[in-house]
Amino acid sequence: MADIILGIESSCDDTSAAVIKDGWLLSNVIASQDVHKAYGGVVPELASRAHELNIVPVVSEALSQAGVQAQDLTAIAFTRGPGLLGSLLVGTSFAKAMGLALDIPIVMVNHLQGHLLADFIRRPGEEVREPSFPYLCLLVSGGNSQIVRVDGPLDYTILGQTIDDAVGEAFDKCSKMMGLGYPGGPIIDRLAKQGNPLRFKFAKPHIPGLDYSFSGIKTSLLYFVRDEMAKDPGFMENNKEDICASFQKTLIDILMDKLIKAAKQTGIKDITIGGGVSANSGLRQRLVAEGARRGWRTFLPPFKFTTDNAAMIAIAGWFHYRAGERTPLDVAPVSRMSDF
Ligand code: KG4
């Protein structure tokens with residue numbers, strides 16, 4: 001009999017539910033929360049309230065788009081963490097209640113593992129192209145910047161990670177600082193396309209090994225803009241495309257330098273990217289270009305799987321389910337990676 005998995009994701013500000021059947025995606029519904037835009041960042045209390053409003057209609061819509069009845073489900077996979085505790089609590093409680101009502105197992109998933117396994121979501125009508133184990137994943141989002149070695153669906157090692165800010169935070173905070181809006185990544189990406197990436201230089205960190213640091217570049221941009229604005233108050237407005245292009249290029253250089261180093265050290269040539277920042281057009285182009293030069297097989301997730309989505313939670317949950325894992329109903333969500 002086929003395994004039909006309902007995935008539920010509520011770790012930050014997107015409420016999402018998806019259905020997969022033996023690895024094939026039947027539906028993936030995402031309700032994003034616009035309420036945070038006015039605050040220039042996610043407000044945890046507002047996020048959990050919005051999840052409460054969204055969760056029932058989002059799950060119903062996912063089941064209906066999949067043409068699946070709740071009684072047909074084999075198991076429910078949900079994000080246990082890391083993320084905002086109040087947000088996670090909504091998805092976790094919903095999964096527990098639904099699992100109990102239907103008398104089917106629930107399976108907890110680490111959100112980051114969802115990003116790592118997003119390439120295994122099979123989409124009807126599209127070519128199946130999956131990385132081979134072991135592969136490297138550059139996992140870049142608003143909360144993480146990591147290089148992960150994936151040896152199997154449930155077997156992964158973090159080779160390097162940020163020692164301070166995540167790269168998505170650098171995009172978001174610098175966009176806010178420049179008065180461009182939130183979330184910063186897509187805005188900077190759009191402006192960068194019209195600018196000259198070689199016009200300005202920003203300091204790059206010198207961190208040993210495969211770890212990252214993104215707090216210094218934030219300060220470097222802050223001082224640069226402040227000094228130039230003191231000379232010419234119109235500097236920001238008149239040069240924002242070039243500033244964004246140069247800033248984005250620096251972030252991509254930092255990410256790619258360590259990824260290339262990791263690929264050399266491990267000899268691994270299958271490379272994937274995941275997380276919200278993997279939607280960045282400059283990073284995607286650069287990865288493909290480096291891959292072609294270095295003989296890598298590169299895997300770029302479709303845009304809808306770069307940000308938070310339940311399809312990746314469902315696929316990761318399916319791997320856990322097939323490995324015989326079942327989560328007890330007294331499970332509690334966890335906000336930090338280290339609590340996993
Ligand atoms: O994975 P994600 O949706 O959420 C969590 O971090 O949990 O990632 C969100 C991050 C934000 O920092 C956002 O600015 C960034 O992804 N982002 C981008 C782009 N689209 C989203 N960063 C750069 N370029 C983009 N096109």
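Here the structure is a predicted model, which is why all the values come from computation and not from measurement.

(A) How the structure looks around the environment of Ser-246. Along the chain, Ser-246 falls in helix 7 (residues 235–266). As a C-alpha pair, Ser-246 and Ser-11 span 235 residues in sequence and 32 Å in three-dimensional space. Those residues in contact with Ser-246, other than ones at most four positions away along the chain, are Asn-196, Pro-197, Leu-198, Arg-199, Phe-200 and Phe-202.

(B) Representation of the domain arrangement of the chain. Each assigned domain of the chain is listed with its residue range as follows: domain 1 (4–127 + 305–322) and domain 2 (135–303). Each of domain 1 and domain 2 was reduced to a C-alpha centroid, and the two centroids are 27 Å apart. Contacts between the two partners involve 19 residues from domain 1 and, on the opposite side, 24 residues from domain 2. Carbon and sulfur atoms supply 64% of the area buried between domain 1 and domain 2, which totals about 1800 Å² over both sides. Ranking the residues of domain 1 by area buried against domain 2 places Leu-116, Asp-119 and Thr-306 at the top, with a combined share of 36%. At the junction of domain 1 with domain 2, the criterion picks out zero salt bridges. Linking domain 1 with domain 2 are eight residue pairs in polar contact (both at pLDDT 80 or more), by the criterion used here. Put simply, the parts of the chain that give the side of domain 1 that touches domain 2 at least two residues each are helix 3 (111–116) and helix 9 (310–322).

(C) Looking closely at the site of the ligand. Around the ligand sit 18 residues in total, of which Gly-142, Asp-172, Asp-189, Gly-276 and Asn-280 are the nearest. Take Ser-141: an N or O atom from its side chain is 3.4 Å from an oxygen atom of the ligand. Backbone polar atom of Gly-185 to an oxygen atom of the ligand: 3.0 Å apart, as the coordinates give it. Look at the ligand: alone it shows 550 Å² of surface, and the protein chains cover 87% of it. Sorting the residues of the shell around the ligand by element identifies helix 4 (167–177) and helix 5 (184–192) as the ones contributing at least two each. The residue inventory of the shell around the ligand, partitioned by class, reads five nonpolar, ten polar and three charged.

(D) Region of the structure containing the pattern of salt bridges. Scanning the entire structure with this criterion turns up 18 salt bridges. Between Lys-218 and Asp-165 there is a salt bridge, with its nearest N and O atoms 2.6 Å apart. Of the two residues, Lys-218 sits in helix 6 (residues 215–231) while Asp-165 sits in the loop between strand 8 (155–161) and helix 4, which places them 53 residues apart along the sequence. Asp-165 shares its class with Lys-218; the two are buried. With a closest N to O distance of 2.6 Å, Asp-242 and Arg-199 form a salt bridge. Of this pair, Asp-242 sits in helix 7 while Arg-199 sits in the loop between helix 5 and helix 6; the two residues are 43 residues apart in sequence, bridging distant segments of the chain. Taking the relative accessible area as the measure of exposure, Asp-242 reaches 16% and is therefore buried. A single network of salt bridges, built from pairs that share partners, joins Lys-204, Lys-249, Asp-253, Arg-286, Glu-290, Arg-293 and Arg-294.

(E) Examining the sheet that holds strand 6 (residues 135–140) more closely. A sheet is described by the order of its strands in space; here five strands give the open sequence 8-7-6-9-10, paired in mixed fashion. The sheet is open, and its two borders are formed by strand 8 and strand 10 (297–299), each paired with just one other strand. Direction aside, neighbouring strands of the sheet carry axes that sit 25° apart on average. Taken together, the six bridges between strand 6 and strand 7 (residues 145–152) define a ladder with antiparallel strand orientation. From the neighbouring strand, Leu-136 faces strand 7, where its bridge partner is Arg-149.

(F) Structural view of the packing of helix 4 against helix 5. Axis separation between helix 4 and helix 5 bottoms out at 7 Å; the angle between their running directions is 75°. Judged by the angle between their axes, helix 4 and helix 5 are roughly perpendicular. Residues Phe-171, Asp-172 and Ser-175 of helix 4 pack against Gly-184, Gly-185, Ile-187 and Ile-188 of helix 5. Of the residues that constitute the contact of helix 4 with helix 5, the class distribution is three nonpolar, three polar and one charged.

Rules used in this analysis
Residues numbered from 1 in each chain as written. Predicted model: local features only at pLDDT ≥ 70, side-chain atom pairs only at ≥ 80, totals over all residues. Heavy atoms only, no water. Helix = DSSP H or I, 4+ residues; strand = E, 2+ residues; numbered from the N terminus. Contact = heavy atoms within 4.5 Å. Domains from an automatic or database assignment. Buried area = accessible area lost by both parts, 1.4 Å probe. Salt bridge = Lys/Arg side-chain N within 4 Å of Asp/Glu carboxyl O. Polar contact = N/O pair within 3.5 Å; in protein donor to acceptor, adjacent residues only side chain to side chain. Near = heavy atom within 4 Å. Areas by Shrake-Rupley, 256 points an atom, 1.4 Å probe, with all protein chains shown as cover. Nonpolar A, V, L, I, M, F, W, Y, C, P; charged D, E, K, R; others polar. Buried < 20%, exposed > 50% of the residue type's maximum accessible area, 1.4 Å probe, protein only. Pairing = 2+ DSSP bridges. Axes fitted to C-alpha atoms, helices over the stretch in contact; angles between N-to-C directions. Parallel < 35°, antiparallel > 145°, perpendicular 65-115°, else oblique.

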